[in-house]
Amino acid sequence: MKKQSLFLLILFFISATSCFGAMKLGAPLTLQEVTKVSEINKHPEQYKGKRVLIEGLVVNVCAARGCWMDIASDVPFEQIKVKVVDGEIVFPLEAKGQMAKVEGIVQAIHLTEGQARSMAQHQAKESGEQVDLSTIKGPTTFYRIRGLGAEIN
Amino acid sequence: MGYLCIGLTLLYGISGLLVNHTSHDFNPSYTITTQKGRVSPLASGKSPDMSYVNQCLEELSITAQFKNVAVLTPGTIRIFVEGNTIDVTTATGETVEEKIARRPILFGLNYLHLNKGKGAWTWIADIYALALCLLALTGVLMIRGKRRRRALFLTTIGFLCPLLYLILLP
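The structure contained in this document is the topic of the report that follows.

Conventions and cut-offs
Residues numbered from 1 in each chain as written. Chains lettered and ligands numbered in written order. Predicted model: local features only at pLDDT ≥ 70, side-chain atom pairs only at ≥ 80, totals over all residues. Helix = DSSP H or I, 4+ residues; strand = E, 2+ residues; numbered from the N terminus. Buried ≥ 20, exposed ≤ 12 C-beta atoms within 10 Å, placed from the backbone. Pairing = 2+ DSSP bridges. Contact = placed C-beta atoms within 7 Å. Nonpolar A, V, L, I, M, F, W, Y, C, P; charged D, E, K, R; others polar.

**Things to note about unusual backbone geometry**
All names here are of chain B.
- Although it is not a glycine, I105 sits at a positive phi angle of roughly 65°.
- Looking at the element boundaries, I105 is found in the loop between β5 (94–102) and α3 (106–113).
- At N115, a residue that is not glycine, the phi angle is positive and equals roughly 50°.
- Secondary-structure assignment places N115 in the loop between α3 and α4 (120–141).

**So, the pairing of strand β2 (residues 51–61) of chain A**
Residues and elements named next belong to chain A.
- In terms of residue burial, β2 counts as a mostly covered element, since eight of its 11 residues are buried.
- Sheet analysis places β2 next to strand β5 (residues 99–111), joined by seven bridges and oriented antiparallel. From the neighbouring strand, V52 faces β5, where its bridge partner is G104.
- Strand direction decides the pairing type here: β2 and strand β3 (residues 68–72), joined by three bridges, are antiparallel. Across the sheet, V58 pairs through a bridge with I71, a residue of β3.
- Following β2, the chain reverses through six residues before pairing antiparallel with β3; G66 in that reversal takes a positive phi of roughly 65°.

**Concerning the interface of chain A and chain B**
- The partner chain B presents 27 residues to the 21 residues of chain A that form the contact.
- Secondary structure elements with two or more residues in the side of chain A that touches chain B: α1 (2–17), β2 and α4 (113–127) of chain A.
- If one sorts the elements of the side of chain A that touches chain B by residue count, α1(A) sits on top with three residues.
- Broken down by class, the residue content of the side of chain A that touches chain B amounts to 12 nonpolar, five polar and four charged.

Note that every value here comes from positions in space, so none of it alone points to a role or purpose.
Okay, here's the thing in structure tokens:
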């Protein structure tokens, strides 16, 4: 009986930890047409508040809570951040280097100079990189996608 | 019912301890290690290609399955292999590896605690939560006899603890 219980417990953990195939996270994707990340980055005000479906390579994932990921654009050196409500969707760290489809709302985030510096510091701490805060001057606006659902292949 | 809750209470208790301490330096579900290294720099004027990516992996003795590569900036590429991300500064050949691995058992505990799988586990967790409420309420009804005063005192502390914290919260 003891052995059986132990076996069941082990089986339970294995099944719980190996359930990642093609991952579907959050709400099911409803849009068919993919909007290019470069388009959103180029004309963010046009897309502000709109629901979009983007597709691209996952280049970074929040290491602490899995609450955001960066999706590479279709043009070099560009990315867009997908942020989700903590706990609503948790992006697994294994998603890095995989292709993802994400549906969400384009958001404009307005920051004062102080907020922008705090955020830069926070991101530098997360990524372990150095940041020159003196380069951040005046209020800034950046755009990101509030993720509602995602599929990671 | 108390016996039924032992396993789940331990699961949520252990995972709760870990999840409480989640920070940018501590991920309760994964171990993350970074390691600096160096590979041959990319010849000036050349663009990084797959042969350079393969060369980097070879020089770093990385045999894990290749997943993808991204050019992050004009001078930095990020190579993704199973369980590892390698940033290469092409001009200098400096590399930073970030290796991730699931913490044995704890990954499973946190996966269930945070209900990442949703679906059937939501039902199990809901039933467990209701069972805990029932245990607490029936526990209150059991406060009687010689140790009544002590039991009431401890129960009051149990209620005051979160209440005071919320009141005193700045």
